[in-house]
Amino acid sequence: MKIYYARPISLYNTKQEERDLLLLTQLSLDIVNPNKAELQRRYDIEGMDVFTSAVKDCDALAFRSFQDGKISAGVKKEIDAALELGKPVIELPTITSVRVLSVDDTREYLKLLGSR
């Protein structure tokens, strides 16, 4: 299965990018990486169309947002291209250590939501 790996360019060549690429590789996915020299050269000529075109050649898209959960305009354009083509879109987890609740906090949160 071929997957397009979208993320903000601020994550290019970072430890987070390495971890994401390792995860996708461990899942036996064939990764289309916009941080490759060939796509970057084409981007200089064709702009964002090179990336949305690359999405078309994939079976799915995995993306990472900024740490605060916001999604860059470029990543959003890639996500939209995948969705328009009916391709699955998967968000890679962000700052899960901060988002995980203890058992007591989970119970309290469910009460606030009216579920308990």
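Quick caveat, the model's predicted, so the values are computed rather than measured.

(A) Structural detail: the packing of helix α3 (residues 49-56) against helix α4 (residues 73-84). The N-to-C vectors of α3 and α4 enclose an angle of 35°; their axes lie 9 Å apart at closest approach. Where α3 crosses over α4, the two elements pack in a sense that is right-handed. Contact residues: α3 offers Asp-49, Phe-51, Thr-52 and Val-55, while α4 offers Lys-77, Glu-78, Ala-81 and Ala-82. For the contact of α3 with α4, the per-class residue count stands at four nonpolar, one polar and three charged.

(B) Highlighting the environment of Asn-13. If you trace the backbone, Asn-13 turns up in the loop between β1 (2-6) and α1 (15-26). Separated by 22 residues in sequence, Asn-13 and Asn-35 have C-alpha atoms that sit 8.3 Å apart. At 3.3 Å, the side chain of Asn-13 and the side chain of Asn-35 are in polar contact.

What counts, and where the lines are drawn
- Residues numbered from 1 in each chain as written.
- Predicted model: local features only at pLDDT ≥ 70, side-chain atom pairs only at ≥ 80, totals over all residues.
- Heavy atoms only, no water.
- Axes fitted to C-alpha atoms, helices over the stretch in contact; angles between N-to-C directions.
- Helix = DSSP H or I, 4+ residues; strand = E, 2+ residues; numbered from the N terminus.
- Left-handed = near helix turned anticlockwise from the far one by under 90°.
- Contact = heavy atoms within 4.5 Å.
- Nonpolar A, V, L, I, M, F, W, Y, C, P; charged D, E, K, R; others polar.
- Polar contact = N/O pair within 3.5 Å; in protein donor to acceptor, adjacent residues only side chain to side chain.

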